[in-house]
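So you can see what is in the structure, the chains are spelled out below.
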Amino acid sequence: MIKNNALKKRSSGLDIIKSLAILFVVGVHFFLNTRYYTTNLNSLNLFIQVCIQQLFLSCIPLFLISTGYLNNNTEISTNYFKKILPILGIYFIYSVPALLYRYSINEIPFNLGLWIKQFFTFKGHRYSWYINLYFGLFLLIPFFNRMYQSLTSKKEKLILITILTALTIVDGMPNYWAGIYPLTYFYIGKFIKEFQPNLKTNKCIIYLIIILLLQGTIEYFVASGEVYSNYFNHYSSIFRAIQSVLIFIMIYQKDIKHTKLKNLITDISKSTLDIYLASFLTDRILYKPFKALGLSQKTMFLFLPVLVLASFTFAYIIAKLRINYIKLETSNKKNYTNNTKKQVA
């Protein structure tokens, strides 16, 4: 009963965003695991691929904005810092098969010392760079919160976000500080949480389409018939920030009335870390036969929906098996209720 009541209080918006973000992650991997980055951009088919890729690249900003939104009142405490241990445990569980797979294809030698080093430097698992990013962000969140809470007005908070945006994600500006772009998205999430901005869905969709077409057009013509140039940085780009904020604002206040669909979205949202790490193996398994066929990128694009959904589905199944049979998270009812109240999503 406690669990059901907590689920009823849980807003669907953040769960939809996190579920969409993890689907976008798997979508980004489609381009990583095909010939996209080595194919000359010289057709309408490839222009459409560029636009879709720009959309999928919202994945990390959406996760970071969600982190800021959901960790609005995180305090400095021993109990908080202990919560990093299950995250590292999940990372370890998926790193072992990832290292074994890489060994099986002669990508890495069997050397225990090397494998341990790979694990602790977040290199054992090919998709573990985000764990590296989140590990540092997690440890600093309570201190970032103190900094944000020390600002007394909306104006001051806007100035902070504006300066961070200029330093980290405005294209063409000096990029020495670009590496701290996660902090910009984190504070954007906190700002949205506090001030609850709203924009009509149809306007968000129109603006989003314009932004995606603009990015796609620029990337396509900058390539000049050659390979994708990554003119806009994957995540530290003003266009990426705008499109991610539009997606977030469009969805975060939404609710799902259908109970079964809401349960599914909630479950996916709570499994995103597992899905992300499991997708390394599902990607390798699914894309390998297609690579062997030597299909062109234009032809591979036809399989994008099937490959992305298949990899996502298999990764979700693996995630559920891990969650059900290798339990690392605290699962008592009291914690469930408290976490739900804190998450508000």
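Structure: above.
As a starting point, this report considers the structure included with it. (Residues numbered from 1 in each chain as written. Predicted model: local features only at pLDDT ≥ 70, side-chain atom pairs only at ≥ 80, totals over all residues. Heavy atoms only, no water.)

What about the pattern of salt bridges?
Within this structure, the stated rule accounts for five salt bridges. Salt-bridge contacts for K320 lead to D267; the nearest nitrogen and oxygen are separated by 3.0 Å. With K320 in helix 16 (residues 304-325) and D267 in helix 13 (residues 259-270), this pair connects stretches of sequence that are 53 residues apart. For the salt bridge of D274 with R322, the shortest nitrogen-to-oxygen distance reads 2.8 Å. In this pair, D274 is assigned in helix 14 (residues 272-293) and R322 in helix 16, connecting sequence segments 48 residues apart. Residues participating in the shared-partner salt-bridge network are D255, K257 and K262. (Salt bridge = Lys/Arg side-chain N within 4 Å of Asp/Glu carboxyl O. Helix = DSSP H or I, 4+ residues; strand = E, 2+ residues; numbered from the N terminus.)

Side note on a nonpolar patch on the surface
Residues I159, I163, L167, Y176, W177 and I180 make up a contiguous nonpolar surface patch of roughly 630 Å² in combined accessible area. Mapped onto the fold, Y176 is located in the loop between helix 9 (154-168) and helix 10 (181-195). Residue classification places Y176 among the exposed positions, given a relative accessible area of 74%. (Patch = residues over 30% accessible without salt bridge, like charges linked within 9 Å, V, L, I, M, F, W, Y side chains within 5 Å. Areas by Shrake-Rupley, 256 points an atom, 1.4 Å probe, with all protein chains shown as cover. Buried < 20%, exposed > 50% of the residue type's maximum accessible area, 1.4 Å probe, protein only.)

Describing the packing of aromatic side chains
This model, assessed by the stated rule, comprises 43 aromatic pairs. For the pair Y37 and Y228, a centre-to-centre distance of 5.7 Å together with 70° between the ring planes defines the contact as edge-to-face. Placement of Y37 in the loop between helix 2 (12-32) and helix 3 (44-56) and of Y228 in the loop between helix 11 (201-223) and helix 12 (238-251) is noted, with a sequence separation of 191 residues between them. On the basis of relative accessible area, Y228 is assigned to the buried category, the value being 7%. Each ring, one from F122 and one from F135, has its centre 5.8 Å from the other, and the planes form 45°; the classification is tilted. Within this pair, whereas F122 is found in the loop between helix 7 (112-120) and helix 8 (129-149), its partner F135 is found in helix 8, the two being separated by 13 residues in sequence. Residue classification places F135 among the partly exposed positions, given a relative accessible area of 26%. Lying across the ring of F195, K154 places its NZ or CZ 5.2 Å from the centre. (Phe/Tyr/Trp six-rings, centres within 6.5 Å; stacked < 30°, edge-to-face > 60°. Lys NZ or Arg CZ within 6 Å of the ring centre and 35° of its normal.)

Notes on the state of the cysteines
Tallied over the full model, the rule gives zero disulfides. The thiol sulfur of C51 is not disulfide-bonded, and the nearest other cysteine sulfur, from C59, lies at 17 Å. With relative accessibility at 11%, the residue C51 sits in the buried group. As a non-bridged cysteine, C204 has C51 as the owner of its nearest cysteine sulfur, 19 Å distant. Exposure remark for C204: the relative accessible area of 1% places this residue in the buried category. (Disulfide = S-S within 2.5 Å.)

Overview of the packing of helix 11 against helix 12
Running from N to C, helix 11 and helix 12 cross one another at 160°; their axes reach a closest spacing of 9 Å. By the criterion of interaxial angle, the relationship of helix 11 to helix 12 is roughly antiparallel. As helix 11 runs across helix 12, the sense of the crossing is left-handed. Taking contact as the criterion, the partners of T201, C204, I205, Y207, L208, I211, L212, L214 and Q215 in helix 11 are, on helix 12, F239, R240, I242, Q243, L246, I247 and M250. Of the residues belonging to the contact of helix 11 with helix 12, the class tally is twelve nonpolar, three polar and one charged. (Axes fitted to C-alpha atoms, helices over the stretch in contact; angles between N-to-C directions. Parallel < 35°, antiparallel > 145°, perpendicular 65-115°, else oblique. Left-handed = near helix turned anticlockwise from the far one by under 90°. Contact = heavy atoms within 4.5 Å. Nonpolar A, V, L, I, M, F, W, Y, C, P; charged D, E, K, R; others polar.)

A few points about helix 6 (residues 84-104)
Compared with the 30 Å implied by 1.5 Å per residue over 21 residues, the 30 Å span of helix 6 between its first and last C-alpha is a close match. At S95, helix 6 shows its maximal kink, close to 25°; a proline, P97, follows between one and four residues later. Of the positions making up helix 6, those classed as buried are I84, I87, G89, I90, Y91, Y94, S95, A98, L99 and R102. If you follow the buried residues of helix 6, they end up packed against helix 5 (78-82), helix 7, helix 8, helix 14 and helix 16. One or two positions beyond helix 6, positive phi appears at N106, with a value near 65°. (Expected span 1.5 Å × (residues − 1). Bend = angle between axes of the 7 residues up to and from the residue.)

A few points about the nonpolar core
The biggest cluster of nonpolar side chains holds 91 residues, and the ones touching the most others in it are Y187 and F248. Per element, the largest residue contribution to this core is ten residues, and it comes from helix 2. Discounting residues that sit within four places of it in the chain, Y187 has contacts with F144, M147, Y148, L160, I161 and L164. (Core = buried A, V, L, I, M, F, W, Y, C linked by side-chain atoms within 4.5 Å.)

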